[in-house]
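Structural overview
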Amino acid sequence: MVRIRVLVVDDHRIFAESLAAALAAEPDVDVSAAGSGPAALRCLERAAAEGRRFDVLLVDADLGGMVPGGRPAVPVQESNADGLVDGISLVAGVRSAQPAVRTVVLAEKDDPRRAALALGAGASGWVAKDCSLARLLTVIRGVLRDETHLPPALLTGVLRELTAARKHRTESERLVEALTPREREVLRCMVAGLGRKAVAERLFLSPHTVRTHMQNVLGKLGVHSTLAAVALARRAGVGPVDLASAGNVVERGGQLA
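Not measured: the values here are computed from a predicted model.

**Focus: unusual backbone geometry**
A negative phi holds for most residues other than glycine; trans holds for most peptide bonds. One non-glycine residue, Asp146, lies in the positive phi region at around 65 degrees. Checked against the element boundaries, Asp146 lands in the loop between α5 (133-143) and α6 (152-177).

Following this line, the structure appears as structure tokens:
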């Protein structure tokens, strides 16, 4: 019998243990539980190293875990200033690190916007926490056949959200393409969190020249702040410069003033 290895990730201990126990009663399911995003990542890494990778992750949509140092353990799509990583961010991190693992988001309530974010992050399904065990097992087995599972009531809203997100991404890409190569380089520095002085040192430019480039970037992108420029850049798929290749000190929250 081929067994399905499932990892339940939920910071509500009673729910996680109850769900794990119910799944473990199935003859073809092996199940473990983790109480946070970092704990889940450790479980995944350990399982992969031992040659027994998990097949499916069941992730709480409202998962919150404090990451040491206040920095996210995975690429963050939604987090707060304290570094709390939610379930959708964990989905994105797992998708990047172990693309063969299927993820299903467990939610307290239907939310088309967050469901669309989950699918965009790489989730294969969105399921209500109060669904029946039979329904959950159907979803688990379905995603392993590369099916995508959504509650019928969410389908229209999710499609609307995905269409709007694609429109915004396309517009962002068009605006970024209008930048000069040097302006794109400056934008990547901004995405990395570098302030004007650090950008000048990295690119061997004067602070005045960097300020001009930053102002041009904001103008061409049609935004009025560095944060807005960074958000647009991320939508367009613009990544940060590689800070590991230079010894520059990172300045956070640099201003144009």
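**Here's the deal with helix α3 (residues 87-97)**
By the criterion of burial, α3 is predominantly enclosed, with eight of the 11 residues buried. Inspection of α3 places Gly87, Ile88, Ser89, Leu90, Val91, Ala92, Gly93 and Val94 among the buried residues, and these make up the whole buried set.

**Notes on the pattern of salt bridges**
What the rule picks out here adds up to 12 salt bridges. Note that Asp62 is salt-bridged to Arg114, the shortest N-O span being 3.0 Å. Placement of Asp62 in the loop between β3 (56-60) and β4 (65-66) and of Arg114 in helix α4 (residues 112-121) is noted, with a sequence separation of 52 residues between them. Residue classification places Asp62 among the partly exposed residues on the basis of a relative accessible area of 45%. Classification of Arg114 by relative accessible area gives buried; the value is 13%. Overlapping salt bridges bring together Asp10, Asp60, Glu108 and Lys129 as one network.

**Examining the packing of aromatic side chains**
According to the stated counting rule, one finds zero aromatic pairs in the structure shown. Directly above the aromatic system of Phe54 lies the positively charged group of Arg5, at a separation of 4.3 Å from the ring centroid. We note Lys129 situated over the ring of Phe15; from NZ or CZ to the ring centre the distance is 4.6 Å.

**Comments concerning the environment of Val9**
Mapping Val9 onto the fold places it in strand β1 (residues 4-9). Overall, the relative accessible area of 0% leaves Val9 in the buried class. Here the alpha-carbon distance between Val9 and Ala40, two residues 31 residues apart in the chain, equals 6.5 Å. Not counting the four nearest positions on each side in its chain, Val9 is found in contact with Ala34, Ser36, Ala40, Leu57, Leu58, Val59, Asp60, Leu63 and Leu90.

**Description of the pairing of strand β7 (residues 125-128)**
Every regular strand shows the same layout, with side chains that alternate between the two sheet faces. Taken together, the four bridges between strand β6 (residues 102-107) and β7 define a ladder with parallel strand orientation. Its bridge partner lying in β7, Val104 is registered against Gly125. In terms of handedness, the path from β6 via α4 over to β7 forms a crossover that is right-handed.

**With respect to the nonpolar core**
Of all hydrophobic cores here, the largest spans 27 residues; its most connected members are Leu187, Met190, Val199 and Leu221. Of all the secondary structure elements, the ones that give two or more residues to this core are α6, α7 (181-191), α8 (196-203), α9 (207-221) and α10 (226-235). Within the second largest apolar cluster, 17 residues are counted, among which are Leu58, Leu106, Leu137 and Ile140.

**Examining the environment of Ile4**
Looking at the secondary structure, you find Ile4 in strand β1. Its relative accessible area of 9% is what places Ile4 among the buried residues. Between the C-alpha atoms of Ile4 and Ile140, which are 136 residues apart in sequence, the distance is 8.8 Å. Residues within four places of Ile4 in sequence aside, it is in contact with Asp28, Val29, Asp30, Asp55, Val56, Ile140, Arg141 and Leu144.

Rules used throughout
Residues numbered from 1 in each chain as written. Predicted model: local features only at pLDDT ≥ 70, side-chain atom pairs only at ≥ 80, totals over all residues. Heavy atoms only, no water. Helix = DSSP H or I, 4+ residues; strand = E, 2+ residues; numbered from the N terminus. Buried < 20%, exposed > 50% of the residue type's maximum accessible area, 1.4 Å probe, protein only. Salt bridge = Lys/Arg side-chain N within 4 Å of Asp/Glu carboxyl O. Phe/Tyr/Trp six-rings, centres within 6.5 Å; stacked < 30°, edge-to-face > 60°. Lys NZ or Arg CZ within 6 Å of the ring centre and 35° of its normal. Contact = heavy atoms within 4.5 Å. Pairing = 2+ DSSP bridges. Right-handed = clockwise from strand over helix to strand, strands pointing away. Core = buried A, V, L, I, M, F, W, Y, C linked by side-chain atoms within 4.5 Å.

Geometric descriptors of this kind do not, in isolation, establish any biological role.
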